[in-house]
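Coordinate analysis (summary)
The primary structure of each chain is shown beneath.
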Amino acid sequence: MDLLRKNMFLDENRFLVYFNKEQINHLTHILLNDNHLIRLESIVNQNEIKGTSLFDSFSDLQMIYYFIHQKTHDDESKNRKEQTKREYLRDLLQFYTYLQAAILNEQHEQLNINEKTSFFKLAAKRHIRSYQRWLAEEVKVNGRIGYKPATRSRKNSVVKLFLTWLYDVDYINYPLAAAFFKSTVRDREKPDRYLSLEEVQQLLTYYKDHPINHAILITLFTTGLRIQEIAKAKWKDVYIDSSVQEGTWYMKVIGKGGKERHARLMKPTVESILRMRKRRGLSTKLDPNDETPVFTTNKGKPYDYKYMSEYVTKIIQKTNFDWLKEKEGPVTPHWARHFFVNHSVIDLGIPIEVVQRTVGHSDKRITEGYLKDYIDKKNDASWQWDESNFFKKNLNS
């Protein structure tokens, strides 16, 4: 049976013998289609009427699908966005692949795989713990062994959320989420993503004659926007507000949680974006009906944000500045967001609360996390000492 035949997984794919990355990508594409949700909700309602388990006869894949697409809020803007669903699917399918492999390796002779087999129901505490060890100590990622602590923490959080839901709806009988080791990211494990003003200026100068690269970089560094927000921005979302400083350019973006923000575009940033659009053969005239992306590939298509992120990382690495070798890992687009926060607060003295609102952080503590070393040094108790009095007494003794 072709396990990945489009639209067949709801009826026939009761189990999956673990698959490769290419198959996962194909399956993710299928599972992102929410057209089947209505039929699954109908089955759930029928089961409730019959007094049976709500998810009676559901397969593991159907449970993943239902979890990803279920609506939890009457305000559609607060339900999961497609990108969130895609990221959840990636982590859950990775976990499911590992789980199948672990169980089949243990019970290869005894286990009779059939259309009713549920690996989630067969999972035990030891499988959760071994999965965490696999993430940390065994899986190969970009030439190294194990994911970084922050990545492991995110993956564990997604799987825990899903397993908690499976237990709450009685699909599994054991609270597997409780088996996870804590995976809090310690401050010392968080990478230092500091870029100085001089380093940023060197990057922009290096690409001053490259319309595409310069426009992307200057937008990242001068707005504090996330790479996802820039990749998804459309030209219709760029406008001039004549009520601010006699006319100020802005770019409207939709951030995390569906929150709308309006990022100010500085004059050099605007000039670079217009130069880039002209090079791409795109309109530079503001138009509230223009659906073209602000940034496009050389084929005129919108950037996938992951591709754009990898592209930015590569062009920064390509400059071969000596200071790049001293950084903790490759300089990615997220470093630009850290630069915006650090430069605003440390170099320019802008209140953290103002910067928090500008970059769209939901909690002040997130912004402070970008500045932890600076805040710790600023709050050092020794600043309260009277140095002249202390050393005067010591010198006289």
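This report concerns the structure included in the present document. In this text, all values refer to a predicted model and were calculated from it rather than measured experimentally.

1. Some words on the pattern of salt bridges
Pairing between side chains becomes possible if they bear opposite charge and their charged atoms approach one another. Using the criterion set out here, one finds 16 salt bridges in the structure. A salt bridge links R154 to D91; the shortest N-O distance between them is 3.1 Å. Here R154, found in helix 7 (residues 149-168), pairs with D91, found in helix 4 (residues 82-106); they are 63 residues apart in sequence, far enough to count as distant. Exposure remark for D91: the relative accessible area of 0% places this residue in the buried category. Between E199 and K327 there is a salt bridge; the shortest N-O distance is 3.1 Å. Note that E199 is positioned in helix 8 (residues 197-206) and K327 in the loop between helix 12 (305-318) and helix 13 (333-347), a separation of 128 residues in sequence. Its relative accessible area of 12% is what places E199 among the buried residues. The exposure class of K327 is buried, given its relative accessible area of 17%. Among the charged side chains, a salt-bridge network with shared partners connects R90, D91, R154 and K155.

2. Details of helix 3 (residues 60-69)
For helix 3, a buried count of ten out of ten residues is recorded, marking the element as mostly surrounded by other parts of the structure. Here helix 3 has its buried residues at D60, L61, Q62, M63, I64, Y65, Y66, F67, I68 and H69. Turning to helix 3, the residues buried within the fold contact helix 1 (21-31), helix 2 (37-50), helix 4, helix 5 (119-122) and helix 7.

3. Structural notes on the packing of helix 3 against helix 4
Running from N to C, helix 3 and helix 4 point in directions that differ by 155°, and their axes come no closer than 10 Å. Viewed along their axes, helix 3 and helix 4 adopt a mutual orientation that is roughly antiparallel. In the packing of helix 3 onto helix 4, the handedness of the crossing is right-handed. Taken together, the residues of helix 4 that come into contact with helix 3 (itself represented by D60, L61, I64, F67, I68 and H69) are K85, Y88, L89, L92, L93 and Y96. Residues belonging to the contact of helix 3 with helix 4 are distributed by class as follows: nine nonpolar, one polar and two charged.

4. Some thoughts on the pairing of strand 5 (residues 260-265)
By the alternation rule, side chains of strand 5 split into R261, A263 and L265, which are all buried, and E260, H262 and R264, of which none is buried. Where strand 4 (residues 248-254) lies against strand 5, six bridges are found, and the strand directions are antiparallel. Across the sheet, residue W249 finds its bridge partner in strand 5, namely L265. Between strand 4 and the antiparallel strand that follows it, strand 5, lie five residues; G257 among them carries a positive phi value of about 70°.

5. A look at empty space enclosed by the protein
Applying the stated criterion across every chain yields a total of one cavity of 30 Å³ or more. In this model, the largest cavity occupies a volume close to 30 Å³. Of all the elements in the fold, those that place two or more residues in the lining of the largest cavity are helix 9 (211-223), helix 12 and helix 13. Each residue belonging to the lining of the largest cavity can be placed in one class, and the counts come to nine nonpolar, one polar and no charged.

6. Regarding the environment of Q317
Mapping Q317 onto the fold places it in helix 12. Each C-alpha atom of the pair Q317 and T332 lies 9.2 Å from the other, and the pair is 15 residues apart in sequence. Sequence-distant contacts of Q317, that is, excluding residues within four places in its chain, are made with L324, P330 and V331.

The rules we used
Residues numbered from 1 in each chain as written. Predicted model: local features only at pLDDT ≥ 70, side-chain atom pairs only at ≥ 80, totals over all residues. Heavy atoms only, no water. Salt bridge = Lys/Arg side-chain N within 4 Å of Asp/Glu carboxyl O. Helix = DSSP H or I, 4+ residues; strand = E, 2+ residues; numbered from the N terminus. Buried < 20%, exposed > 50% of the residue type's maximum accessible area, 1.4 Å probe, protein only. Contact = heavy atoms within 4.5 Å. Axes fitted to C-alpha atoms, helices over the stretch in contact; angles between N-to-C directions. Parallel < 35°, antiparallel > 145°, perpendicular 65-115°, else oblique. Left-handed = near helix turned anticlockwise from the far one by under 90°. Nonpolar A, V, L, I, M, F, W, Y, C, P; charged D, E, K, R; others polar. Pairing = 2+ DSSP bridges. 1 Å grid on protein atoms, 1.4 Å probe; cavity = no way out; pocket = protein on both sides within 12 Å on 5 of 7 lines; lining within 4 Å. Points joined across faces, edges and corners; volume = space filled by probe spheres on them.

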